[in-house]
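# Observations on the three-dimensional arrangement
Spelled out, the chains give:
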Amino acid sequence: MTGRTMDQQQEAAVAAAAEAEADEEADPAAAELQTPQVTEDRDPEPSRMQMPRGNPLLLSYTLQELLARDTVQVELIPEKKGLFLKHVEYEVSSQRFKSSVYRRYNDFVVFHDMLLHRFPYRMVPALPPKRMLGADREFIEARRRALKRFINLVARHPLFSEDVILKLFLSFSGSDVQNKLKESAQFVGDEFMNCKLATRAKDFLPADIQTQFAVSRELIRNIYNGFYKLRDRAERIASRAIDNAADLLIFGKELSALGSDTTPLPSWATLNSSTWGALKQALKGLSVEFALLADKAAQQGKQEENDVVEKLNLFLDLLQSYKDLCERHERGVLHKHQRALHKYSLMKRQMMSAAVQNREPESVEQLESRIVEQENAIQTMELRNYFSLYCLHQETQLIHVYLPLTSHILGAFVNSQIQGHKEMSKVWNDLKPKLSCLFAGPHSSLTPPRSPPEDGVCPH
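It should be emphasised that the depicted structure is a prediction, and the values quoted were computed from it without experimental measurement. (Residues numbered from 1 in each chain as written. Predicted model: local features only at pLDDT ≥ 70, side-chain atom pairs only at ≥ 80, totals over all residues. Heavy atoms only, no water.)

### Side note on the overall build of the protein chain
Broken down by element type, the protein chain carries 13 helices and 3 strands. Burial statistics for the protein chain: of 460 residues in total, 42% are counted as buried. Summed over its atoms, the accessible surface of the protein chain is roughly 25,900 Å², and 55% of this surface lies on carbon and sulfur atoms. (Helix = DSSP H or I, 4+ residues; strand = E, 2+ residues; numbered from the N terminus. Buried < 20%, exposed > 50% of the residue type's maximum accessible area, 1.4 Å probe, protein only. Areas by Shrake-Rupley, 256 points an atom, 1.4 Å probe, with all protein chains shown as cover.)

### Looking at the pattern of salt bridges
Following the criterion strictly, the structure yields 17 salt bridges and no others. Across the salt bridge formed by Glu-141 and Arg-144, the nearest N and O atoms sit 2.8 Å from each other. Here the residue Glu-141 and the residue Arg-144 both occupy positions in helix H4 (residues 137–155), the gap between them amounting to 3 residues, near one helical turn. For the residue pair Glu-141 and Arg-144, the accessibility class agrees, reading buried in each case. Residues participating in the shared-partner salt-bridge network are Glu-75, Glu-141, Arg-144, Arg-145, Arg-149, Glu-310 and Asp-317. (Salt bridge = Lys/Arg side-chain N within 4 Å of Asp/Glu carboxyl O.)

### A look at the nonpolar core
Phe-315, Phe-387, Tyr-390 and Tyr-402 are the most contacted members of the largest nonpolar core, which totals 44 residues. Taken together, the elements giving at least two residues each to this core come down to helix H2 (63–67), helix H9 (209–259), helix H10 (273–331), helix H12 (361–402) and helix H13 (405–431). Per element, the largest residue contribution to this core is 11 residues, and it comes from H10. Core analysis: the second largest hydrophobic core is formed by 33 residues, Met-114, Leu-127, Ile-140 and Ile-151 among them. (Core = buried A, V, L, I, M, F, W, Y, C linked by side-chain atoms within 4.5 Å.)

### Observations regarding helix H6 (residues 177–186)
Working note: α-helix, 3.6 residues per turn, so residues spaced by three or four point in the same direction. Taken together, the buried positions of H6 are Val-177, Leu-181, Ser-184 and Ala-185. Take H6 and look down its axis: the buried residues cluster within an arc of 90°, on one side only. Looking at the buried residues of H6, the elements they touch are strand S3 (99–104), helix H3 (105–118) and helix H5 (164–171). (Arc of directions from axis to C-beta. Contact = heavy atoms within 4.5 Å.)

### Observations concerning unusual backbone geometry
The backbone of Lys-98 sits at a positive phi, close to 50°, despite the residue not being glycine. By relative accessible area, which is 46% here, Lys-98 ends up partly exposed.

### Things to note about the packing of H4 against H5
Relative to each other, H4 and H5 sit at 140°, their axes nearing to 11 Å. Looking at the two axes, H4 sits oblique to H5. Here H4 and H5 pass one another in a crossing that is left-handed. Side by side, H4 and H5 meet where Ile-151, Val-154 and Ala-155 of the first sit next to Leu-166, Phe-169 and Leu-170 of the second. Here the contact of H4 with H5 is composed, by residue class, of 6 nonpolar, no polar and no charged. (Axes fitted to C-alpha atoms, helices over the stretch in contact; angles between N-to-C directions. Parallel < 35°, antiparallel > 145°, perpendicular 65-115°, else oblique. Left-handed = near helix turned anticlockwise from the far one by under 90°. Nonpolar A, V, L, I, M, F, W, Y, C, P; charged D, E, K, R; others polar.)

### Some words on the sheet that holds strand S2 (residues 88–94)
Reading across from one edge, S1-S2-S3 is the order of the 3 strands in this open sheet, with antiparallel pairing throughout. Of all the strands in the sheet, just strand S1 (72–78) and S3 have a single pairing partner and so form its edges. Sheet twist, expressed as the average angle between the axes of neighbouring strands with direction ignored, equals 25°. Of the pairings in the sheet, the one linking S2 to S3 comprises 6 bridges and is antiparallel in character. (Pairing = 2+ DSSP bridges.)

### Some words on the environment of Ala-241
Turning to its location among the elements, Ala-241 is positioned in helix H9. Through-space distance from the C-alpha of Ala-241 to that of Glu-304 is 8.9 Å; in sequence the pair is 63 residues apart.

### Observations concerning the packing of H3 against H4
Orientation of H3 relative to H4, taken along the N-to-C sense of each, is 35°, at an axis distance of 12 Å. Handedness of the crossing formed by H3 with H4: left-handed. Together, Tyr-105, Phe-108, Phe-111, His-112 and Leu-115 of H3 and Arg-143, Leu-147, Phe-150, Ile-151 and Val-154 of H4 make up the contact between the two elements. Residues that form the contact of H3 with H4 fall into these classes: 8 nonpolar, 1 polar and 1 charged.

### Some remarks on the confidence of the model for the protein chain
Atomic detail in the predicted coordinates should be set aside for any region of low pLDDT. On average, the protein chain scores 79 in pLDDT, and the residues at 70 or more come to 69%. Long-range and interchain partners of residues 22–52, a stretch whose pLDDT sits below 50, account for 83 contacts in this model, where long-range means more than four residues apart. Every residue in residues 456–460 scores below 50 in pLDDT, and together they form 1 contact with partners more than four places removed in sequence or on other chains. (pLDDT = per-residue confidence, 0-100.)

### What about the packing of aromatic side chains?
Summed over the entire model, instances satisfying the criterion amount to 14 aromatic pairs. Ring geometry for Phe-192 against Phe-387: centres 5.7 Å apart, planes inclined by 65°, an arrangement best described as edge-to-face. Separated by 195 residues along the polypeptide, Phe-192 in helix H7 (residues 191–194) and Phe-387 in helix H12 bring together distant segments of the chain. On the accessibility criterion, Phe-387 (0% relative accessible area) is buried. Taken together through their ring pairs, the aromatic side chains of Tyr-90, Phe-108, Phe-111, Phe-150 and Phe-169 make up a single cluster. In this structure, Arg-231 is placed above the aromatic ring of Tyr-228, and the distance from its NZ or CZ to the ring centre is 4.8 Å. If you follow Lys-323 out to its NZ or CZ, it ends over the ring of Tyr-224, 4.0 Å from the centre. (Phe/Tyr/Trp six-rings, centres within 6.5 Å; stacked < 30°, edge-to-face > 60°. Lys NZ or Arg CZ within 6 Å of the ring centre and 35° of its normal.)

### Considerations on the side chain of Ser-184
Secondary-structure assignment places Ser-184 in helix H6. Among the polar contacts listed, one links the side chain of Ser-184 to the backbone oxygen of Leu-181, at a separation of 2.6 Å. (Polar contact = N/O pair within 3.5 Å; in protein donor to acceptor, adjacent residues only side chain to side chain.)

### Let's talk about empty space enclosed by the protein
Counted as a void, the largest cavity has a volume near 60 Å³. Every residue along the wall of the largest cavity is listed here: Met-123, Pro-125, Leu-153, Val-154, His-157, Phe-160, Leu-318, Leu-398 and Tyr-402. Those elements that place two or more of their residues in the lining of the largest cavity are H4 and H12. (1 Å grid on protein atoms, 1.4 Å probe; cavity = no way out; pocket = protein on both sides within 12 Å on 5 of 7 lines; lining within 4 Å. Points joined across faces, edges and corners; volume = space filled by probe spheres on them.)

What follows is the structure, given as structure tokens:
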């Protein structure tokens, strides 16, 4: 199957999916990164990505190890349900589990919710928007790419990749995957409840953890802002290549139209009638080369979208998930801890007031019982706060493991430019000799015109 045929099929799927999206029921890496191939005898069960021995706070993974964990493809499969197109389905294929399942967007939503339930202190990537009014094919394709980035980031995370809900999502072929996901998390607490080190997280944290957290958060924010601007420029470069392809194609069609003109020559031009006839034939032939140039430019634009823009989007999705995690830490467990302390303070005041006013023993005992409960809640909140910082410390390391992705991105950008310009240059060079038939020089020799003098004055 040729690349053009595959593109046509993909465009057809996107167009059909856009039509289906308008009636969807209400209820969330692009050319993939160059990753090592997974061997056929690879054990799909967790084996390699265990906690390193020694200090459990430290991660010892490389980027290649994370990328090799799995490669997941997400393709559009618009289907007709009844008399109308009700929703869009995706074929989700995992190399690691050697599986191919069908998922709806709402399945991704439930899966995302279960991840947040299980791992509230980890980087859970955000899902793309559900729908927009008048969703078109561009929106549908952008969302497919975003879902693909989401599931690949999840499938390569050291903890998510070992959890049963990921295996369910990528390999369960039944029709009730949402219920299966919910059942798997129904009687299971979050990571804090299941981690043996949760109550001792403080022992592994450096003394200046709050300072390190603030510095790391600022650094990641700066990196995000820089790569966000790079992504915008890369999108513009790829878009210009695609626009250039469209202009070259139209240019060639106009040449072909001139060469196919059948308007008869007026009588006063009969002396040079052979000139226009020869020019028309030459112009018509040149349209083929310009169509080839347009095809090369379009290929370069698509390659830059897949290999450069998508990798930048993948990295930005990861960085955004870190920023979201920092906000959850401050607005979640930290805020709850502060509220618990405030409530405890109010209870102590009530207890002191009751002692002064010599209230009934029963009311005093109730206050004492509530204070003990609140003290336990505060202790739990403190433990969760330290465990949240423990997880943040590890997730920060994970961000730095992904930083060498920059070399992948720049390498893909340089390679696309080299390859694109090389192929375009070859077509231009092949085209140049064919222009000679357009220029008739002295004694009927055909020569192309020379460049005019710099002052713009033509010599006699």
